[in-house]
Amino acid sequence: AGVGRHLAHFASGSVGVEMNRAALQALRSKLLRAFHPEEFHSSVEAQPEAFDSLLFSHVAEHMTVEEFTRCVESYLRYIKKGGQLIVICPQEKGYATDRTHVQFMDHDTIWTAVATLGLIEERRYSFPFPRWAGRLFTHNEFVSTFRRAH
């Protein structure tokens, strides 16, 4: 959930999950519903197929492909069948700006990470500029969307 850049604009009933305790406090101070991962999995919100969508924004690049696969898998049961998974990752220039990044995640790598999880790839695109801008513009991103088939 980071500091709530996306969560603040989502519909009522949306929840965020955040590892960083300081960021979690910031989310809660904004009255956003947010949990540490350990708290979420044991919360009343953690019901099978309770959510329409799952967003991983600037998360995957902080893990290896294998770690990201396990992470997505641990939350997938909370998305409704037919629900959406959205993965957003920085392109080259943005990736290079953060020493905590572990693995560069382009569209093909993201697909590799989730391909075995019963997801159908819907769309992959570069945002906000065309793909070539990712080598020059820090905030250009890979956006990959998937549907939960089962």
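To start, this report covers the structure provided alongside it.

About the cut-offs
- Residues numbered from 1 in each chain as written.
- Predicted model: local features only at pLDDT ≥ 70, side-chain atom pairs only at ≥ 80, totals over all residues.
- Heavy atoms only, no water.
- Core = buried A, V, L, I, M, F, W, Y, C linked by side-chain atoms within 4.5 Å.
- Buried < 20%, exposed > 50% of the residue type's maximum accessible area, 1.4 Å probe, protein only.
- Helix = DSSP H or I, 4+ residues; strand = E, 2+ residues; numbered from the N terminus.
- Contact = heavy atoms within 4.5 Å.
- 1 Å grid on protein atoms, 1.4 Å probe; cavity = no way out; pocket = protein on both sides within 12 Å on 5 of 7 lines; lining within 4 Å.
- Points joined across faces, edges and corners; volume = space filled by probe spheres on them.
- Patch = residues over 30% accessible without salt bridge, like charges linked within 9 Å, V, L, I, M, F, W, Y side chains within 5 Å.
- Areas by Shrake-Rupley, 256 points an atom, 1.4 Å probe, with all protein chains shown as cover.
- Salt bridge = Lys/Arg side-chain N within 4 Å of Asp/Glu carboxyl O.
- Phe/Tyr/Trp six-rings, centres within 6.5 Å; stacked < 30°, edge-to-face > 60°.
- Expected span 1.5 Å × (residues − 1).
- Arc of directions from axis to C-beta.

Ranked by internal contacts, the top residues of the largest apolar core, which has 26 residues, are Phe56, Phe68, Val72, Leu85, Val87 and Val114. Where this core is concerned, the elements lending two or more residues are β3 (51-57), α3 (65-76), β4 (79-90) and α5 (107-114). Examining the composition of this core, we find that six residues originate from one element, α3, more than from any other. Once residues lying within four places of it in the same chain are set aside, the contact partners of leucine 85 are Leu54, Phe56, Val72, Val114, Leu119, Ser144, Thr145 and Phe146.

Here we take up the layout of surface pockets. Quantified by volume, the largest pocket comes out at close to 1400 Å³. What lines the largest pocket is a set of 46 residues, and nearest its centre among them are Ala1, Val17, Leu55, Ser57 and Val59. Listed by contribution, the elements that provide at least two residues to the lining of the largest pocket are β1 (16-17), α2 (37-41), β3, α3 and β4. Here the element with the most residues in the lining of the largest pocket is β3; it accounts for seven residues.

Glancing now at a nonpolar patch on the surface. Residues Phe129, Trp132, Leu136 and Phe137 make up a contiguous nonpolar surface patch of roughly 450 Å² in combined accessible area. Checked against the element boundaries, phenylalanine 129 lands in the loop between β5 (119-127) and β6 (141-148). By relative accessible area, phenylalanine 129 is classed as partly exposed at 40%.

Let us look at the packing of aromatic side chains. One pass over the full model with this rule turns up eleven aromatic pairs. Summarising the aromatic geometry, the rings of phenylalanine 56 and phenylalanine 68 are spaced 5.3 Å apart at their centres and angled 85 degrees between planes, so their arrangement reads as edge-to-face. Here phenylalanine 68 lies in helix α3 and phenylalanine 56 lies in strand β3, a separation of twelve residues in the sequence. Residue class for phenylalanine 56 comes out buried when judged on its relative accessible area of 5%. The exposure class assigned to phenylalanine 68 is buried, which follows from its relative accessible area of 0%. Between tryptophan 111 and phenylalanine 146, the aromatic rings sit 5.9 Å apart at their centres with planes inclined by 15 degrees, giving stacked as the arrangement. Placement of tryptophan 111 in helix α5 and of phenylalanine 146 in strand β6 is noted, with a sequence separation of 35 residues between them. Members of the aromatic cluster, connected to one another through ring pairs, are Phe35, Phe40, Phe51, Phe56, Phe68, Tyr75 and Tyr78.

Moving on, we get to α3. Here α3 is twelve residues long and its end C-alpha atoms lie 16 Å apart, about the 16 Å a rise of 1.5 Å per residue gives. Among the residues of α3, those classed as buried are Val65, Phe68, Thr69, Cys71, Val72, Tyr75 and Leu76. With its buried residues spanning 165 degrees around the axis, α3 presents them on a single face. Exposed residues on α3 whose side chains face more than 90 degrees from its buried face are Glu66 and Arg70.

A word on the side chain of glutamine 84. Within the fold, glutamine 84 resides in strand β4. The class of glutamine 84 is buried, set by a relative accessible area of 18%. Glutamine 84 has contacts with Asp52, Ser53, Leu54, Ile79, Glu122, Thr145, Phe146 and Arg147, leaving out every residue within four places of it along the chain.

Another point: the pattern of salt bridges. Inspection of the entire model under this criterion finds eight salt bridges. For arginine 28, the salt bridge goes to glutamate 39, with nearest N and O atoms at 2.7 Å. Of the two residues, arginine 28 sits in helix α1 (residues 21-29) while glutamate 39 sits in helix α2, which places them eleven residues apart along the sequence. Across the pair aspartate 52 and lysine 80 runs a salt bridge, and its minimum N-O distance is 3.0 Å. One end of the pair, aspartate 52, is in strand β3; the other, lysine 80, is in strand β4, with 28 residues separating them in the sequence.

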